[in-house]
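# Coordinate inspection notes
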Amino acid sequence: MRSSILIDTTLRDGEQAPGLYFTRDQKLRLALALGEAGVPYIEAGIPAMGETEIQTLQQIQHAEKKAKILVWNRLRIEDIQLSLEKGFRCLHISAPSSPVMLEKKFGKNEAWLLNEMEQLIPLAVQASVEVSFGAEDASRTPLKSLVRLFQQAADLGVVRVRYADTLGLLTPREVQTAITTLVRRQPLPLDFHAHNDFGLATANALTA
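Below or above, wherever it landed, is the structure these notes cover. (Residues numbered from 1 in each chain as written. Predicted model: local features only at pLDDT ≥ 70, side-chain atom pairs only at ≥ 80, totals over all residues. Heavy atoms only, no water.)

At their nearest, the axes of helix α2 (residues 24-36) and helix α3 (residues 51-63) sit 10 Å apart, and the two run at 30 degrees to each other. Between α2 and α3, the angle is such that the two are roughly parallel. Both α2 and α3 take part in a crossing whose hand is right-handed. Along its contact with α2, which presents Arg24, Lys27, Leu28, Ala31 and Leu32, the element α3 presents Thr52, Glu53, Gln55, Thr56, Gln59, Ile60 and Ala63. Partitioned by chemical class, the residues of the contact of α2 with α3 number 5 nonpolar, 4 polar and 3 charged. (Axes fitted to C-alpha atoms, helices over the stretch in contact; angles between N-to-C directions. Helix = DSSP H or I, 4+ residues; strand = E, 2+ residues; numbered from the N terminus. Parallel < 35°, antiparallel > 145°, perpendicular 65-115°, else oblique. Left-handed = near helix turned anticlockwise from the far one by under 90°. Contact = heavy atoms within 4.5 Å. Nonpolar A, V, L, I, M, F, W, Y, C, P; charged D, E, K, R; others polar.)

Right, dumping it as structure tokens:
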């Protein structure tokens with residue numbers, strides 16, 4: 001059995017709950033507590049949200065020495081360049097992977113996504129920072145497509161890939177099938193990012 005690690009996304013995804021907002025002090029205290037608890041990666045926020053968020057993330061990165069501080073980016077040149085310019089050392093780069101989301105959000109397809117990855121991911125990799133790649137809406141993406149995307153990410157120098165159940169659609173049995181297939185058919189360590197729309201996030205994460 002492969003070893004598992006925790007990548008805590010409370011400071012980023014936790015703020016997406018209605019009515020919930022973390023102050024800078026709260027984010028810092030939470031990050032320090034997570035590091036003290038032994039969490040190796042803390043996904044702390046999104047630099048593209050603006051200068052206030054950037055300053056908070058920089059403060060967390062300076063203060064937290066036990067965990068690596070991960071910042072979330074869209075697969076867009078301006079996001080990646082901003083994160084590099086502001087001195088962040090661990091970048092997660094995310095893009096929609098399902099045919100329906102690619103079509104509805106961008107009017108694009110998988111070939112376009114593969115080309116965007118080829119053009120943009122090396123900007124971060126060549127800056128000698130740690131780069132991971134995430135497939136949004138992976139649970140509605142054919143597994144054969146995810147294998148292609150994750151293999152391309154590996155070829156481009158990414159160190160880890162993420163399977164996101166963005167709409168919270170999966171059951172534990174479906175998670176078992178997807179994760180088992182992807183672990184066997186692509187070369188990189190695999191994140192699993194669950195959403196709790198139907199109350200199954202914990203069960204799905206444990207199954208993964």
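After presenting the structure, the write-up continues.
Turning our attention to the pairing of strand β6 (residues 160-164). Within β6, 5 of the 5 residues are buried, leaving the element largely enclosed by the surrounding structure. Going residue by residue along β6, you find Arg160, Arg162 and Ala164 tucked away on one face and Val161 and Tyr163 tucked away on the opposite face as well. Pairing of strand β5 (residues 130-136) with β6, which is carried by 4 bridges, proceeds in the parallel orientation. Directly across from Phe133, in β6, lies its bridge partner Val161. The handedness of the β5 to β6 crossover, carried by helix α7 (residues 143-155), is right-handed. Sheet analysis places β6 next to strand β7 (residues 190-193), joined by 4 bridges and oriented parallel. In the strand pairing of β7, Ala164 is matched with His193. Where the polypeptide runs from β6 across helix α8 (residues 172-185) and back to β7, its parallel neighbour, the crossover connection is right-handed. (Buried < 20%, exposed > 50% of the residue type's maximum accessible area, 1.4 Å probe, protein only. Pairing = 2+ DSSP bridges. Right-handed = clockwise from strand over helix to strand, strands pointing away.)

Spanning 14 residues, α8 covers 20 Å between terminal C-alpha atoms, matching the ideal 20 Å at 1.5 Å per step. Those residues of α8 that fall on the buried side of the exposure criterion are Val175, Ala178, Ile179 and Leu182. Seen along its axis, α8 keeps its buried residues to an arc of 95 degrees; they face one direction. Seen from the open side of α8, the exposed residues pointing more than 90 degrees away from its buried face are Arg173 and Arg184. (Expected span 1.5 Å × (residues − 1). Arc of directions from axis to C-beta.)

Bringing the environment of Ala48 into the picture now. Following the sequence through the fold, Ala48 ends up in the loop between β2 (41-45) and α3. By relative accessible area, Ala48 is classed as partly exposed at 39%. Sequence-wise, Ala48 and Val71 are 23 residues apart; in three dimensions their C-alpha atoms are separated by 9.7 Å. Excluding anything up to four places from it in sequence, Ala48 contacts Arg74, Asp79 and Leu82.

Mapped onto the elements, Pro40 comes out in the loop between α2 and β2. With relative accessibility at 28%, the residue Pro40 sits in the partly exposed group. Taking the C-alpha atoms as reference, Pro40 lies 11 Å from Glu64; in sequence the two are 24 residues apart. Each residue touching Pro40, except ones within four places of it in the same chain, is listed here: Ile5, Leu6, Ala67 and Lys68.

Further remarks concern the pattern of salt bridges. The full count for this structure, using the stated rule, is 17 salt bridges. Note that Glu36 and Lys66 form a salt bridge whose closest N and O atoms lie 2.7 Å from each other. Residue Glu36 is found in helix α2, and its partner Lys66 is found in the loop between α3 and β3 (68-74); the two are separated by 30 residues along the sequence. Judged by relative accessible area, Glu36 falls into the exposed class, the value being 58%. Put simply, Asp79 and Arg74 hold a salt bridge, and the shortest N to O gap is 2.9 Å. Residue classification places Asp79 among the buried positions, given a relative accessible area of 3%. (Salt bridge = Lys/Arg side-chain N within 4 Å of Asp/Glu carboxyl O.)

Turning our eyes to something else, we now look at a nonpolar patch on the surface. Side chains of Leu167, Leu169 and Phe198 sit close together on the surface and give an oily, nonpolar patch of about 300 Å² of accessible area. Assessed through its relative accessible area of 40%, Leu169 is described here as partly exposed. (Patch = residues over 30% accessible without salt bridge, like charges linked within 9 Å, V, L, I, M, F, W, Y side chains within 5 Å. Areas by Shrake-Rupley, 256 points an atom, 1.4 Å probe, with all protein chains shown as cover.)

The subject of this paragraph is α2. Along its 13 residues, α2 runs 18 Å from first to last C-alpha, staying within 8% of the 18 Å computed at 1.5 Å per residue. Within the span of α2, buried status applies to Lys27, Leu28, Ala31, Leu34 and Gly35. Each buried residue of α2 lies within a common arc of 130 degrees when the element is viewed along its axis, so the set occupies one face. Along α2, the residues that are exposed and aim more than 90 degrees away from the buried face are Arg29 and Glu36. Among the structural elements, β1 (7-8), α1 (10-13), β2 and α3 are those in contact with the buried residues of α2.

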